[in-house]
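# Structural description and commentary
Now for the letters of each chain:
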Amino acid sequence: MPDQIQFDEKRRKAITQCSRCGFCRAVCPIFELTKRPITNARGKMILLKEVMEGKLPVTEGVAQALLRCTTCMNCTVNCPSGVDPQEAFKAARKDMVRMGFDNLFKAMGEIVEKYGNIYGEKERHDWGHKKNGAPYVLFVGCVGTYREEESVEETIRFLDLMKVDFTMIDEACCSGVLEDVGYKMKDELAKRNVRELQKIGAKTLITTCPYCYRVFKEHPAYKNLGLELKHITQFLKDFNFGVKTEKKVTYHDPCDLGRHAGIYEEPREIIRKIAPNFVEPRRTRDNAMCCGSGGGLRGSFPEDSIEISRNRLSQIIEETGAEILLTECPSCVHNFRNAKLRKQKIEIYNITEFIAQLLQENMSGARSEA
Amino acid sequence: MNIEGYEFPEGLYYDKNHFWARVEGDLVVMGMNQYAQKMAGTIVYVGLPPEGKKLTQGKNFTKIESGKWLGKVFSVVSGELVAVNEELERKAKLINEDCYGKGWMFRIKPNNLDELKNLMTDPEVIREWLKGEIAQHGKK
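Residues numbered from 1 in each chain as written. Chains lettered and ligands numbered in written order. Predicted model: local features only at pLDDT ≥ 70, side-chain atom pairs only at ≥ 80, totals over all residues.

## Some remarks on the overall build of chain B
Broken down by element type, chain B carries four helices and eleven strands. Its C-alpha atoms give chain B a radius of gyration of 14 Å, near enough to 14 Å, the size a compact globule of 140 residues would have. By its C-alpha atoms, chain B is 40 × 35 × 25 Å across when sized along the principal axes. For chain B, the proportion of its 140 residues judged to be buried stands at 38%. The long-range share in chain B, meaning contacts at least 24 apart out of those at least 6 apart in sequence, stands at 62%. (Helix = DSSP H or I, 4+ residues; strand = E, 2+ residues; numbered from the N terminus. Rg over C-alpha atoms; globule rule 2.2 N^0.38 Å. Buried ≥ 20, exposed ≤ 12 C-beta atoms within 10 Å, placed from the backbone. Contact = placed C-beta atoms within 7 Å.)

See the structure below:
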């Protein structure tokens, strides 16, 4: 078992390159909440520098400090020195675990292995839609299935209304989140997913969860998938929906879809087709503030996670005056819905869920006129 | 009364979904019991439905969440939801801190107080039930 954090050349360079300017403070969702230096990238980089130089021992406190990050990449995008702090923190988390500083996600790993999902839910919702020969296979992931079930139902209904020929599989957790919190992906679950996805005979894999999208795209366990991969917004951007809303609509860029995967335009192309009154928040695209649910924060510091979400939601409401907040990430939707106060009248949806409702209203309206 | 290491105050009614009921005037107040709040971990969200919602005893009407756990909230009596604990909106953790007091969840105008007979009050009955729950889910 290693007795120290491994500072390879890449990590040393990142740590010494950090000029400790503090630009990252302005965009860090946790620093915005706590105002505590250690919660921000600058503080953590100083911490790692002290450890690297042998001035600070590695302790449980260091491990906890490194966990307090959503890995939103806002620091990375705004760093004038070109440093990617969140990569350094994720690597350090792995070292901490190797050194014996297990965190609460060890239990999550065991749960994922036993139940095939991050929540330990024994019963899986059967979405149906299982058939061979469909060109598309839809993968919805754990958060959608177990925490935003109604949203997924609407997305499925929407795809049916758009006459998309798709199938689904008995999913196992993509398990990529374990890599971000100090552990390893569950290879057997990845193999099971690959097997099921290849067996079903589809040519294109569509994901509703940006995090699953990233795992399928980037993790070596999925490199031989053999299917074209699309996030659902990439898949839908050229569709015509035939419905519009007059309501004021805004969009929140999920970190995993935007900064991590570079998908900014496709959701906007879809929204512009259905919402002539589309407004952007001030902090948008690669400067969008995080919803607080990523990087394991919802599990490790859930109160922080909800407060960050509340801050972002308040920011959006104040800056846009929107009636409808759209995003396309089950984790963002879930955190926002948990954070929303009763007095806040804004409605929160995934894009596909919202369009499904517009289509339903349209059909109901047509029926009553007939 | 302390049952298997958990507080179950006298004078309350307890259901098998881990909620308690207390009669206050012509209303029934409900909340979560101590065993359940400890097992849940730090509670971060309770769904607060609109007042006026019709409730049925034993039927779930909203949800409650900690970091990664999600649970259903079941009504202790049939009736109409007349008040929610708005403090829980910003501080759901009150349920962990004071589940029988400041962490109360809902006030219900009951259709028929006789339904409370379906809930548990006898310490020995509660004990046997709780032992079964602990055997199945563990304890914290």
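## Side note on the environment of A:Asn277
All names here are of chain A. Locating asparagine 277 in the fold gives a position in the loop between helix H14 (265-274) and strand E6 (278-279). Separated by 45 residues in sequence, asparagine 277 and alanine 322 place their C-alpha atoms 9.2 Å apart. Sequence-distant contacts of asparagine 277, defined by excluding residues within four places in its chain, comprise Glu246, Lys247, Lys248 and Val249.

## Regarding the interface of chain A and chain B
Between chain A and chain B, the contact holds eleven residues from the first and eleven residues from the second. Secondary-structure elements contributing two or more residues to the side of chain A that touches chain B are helix H15 (297-300) and helix H16 (302-320) of chain A. Per-element accounting of the side of chain A that touches chain B gives the leading share, three residues, to H16(A).

## Details of the pairing of strand E4 (residues 19-24) of chain B
Residues and elements named next belong to chain B. Across two bridges, the pairing between strand E3 (residues 13-14) and E4 is antiparallel. The residue of E4 that forms the bridge with tyrosine 13 is alanine 21. Linking E3 back to E4 in an antiparallel pair, the connection comprises four residues, with histidine 18 at a positive phi of about 80 degrees. Judged from the six bridges that link them, E4 and strand E5 (residues 27-32) form a sheet pairing that is antiparallel. Looking across to E5, one finds that alanine 21 is bridged to methionine 30. (Pairing = 2+ DSSP bridges.)

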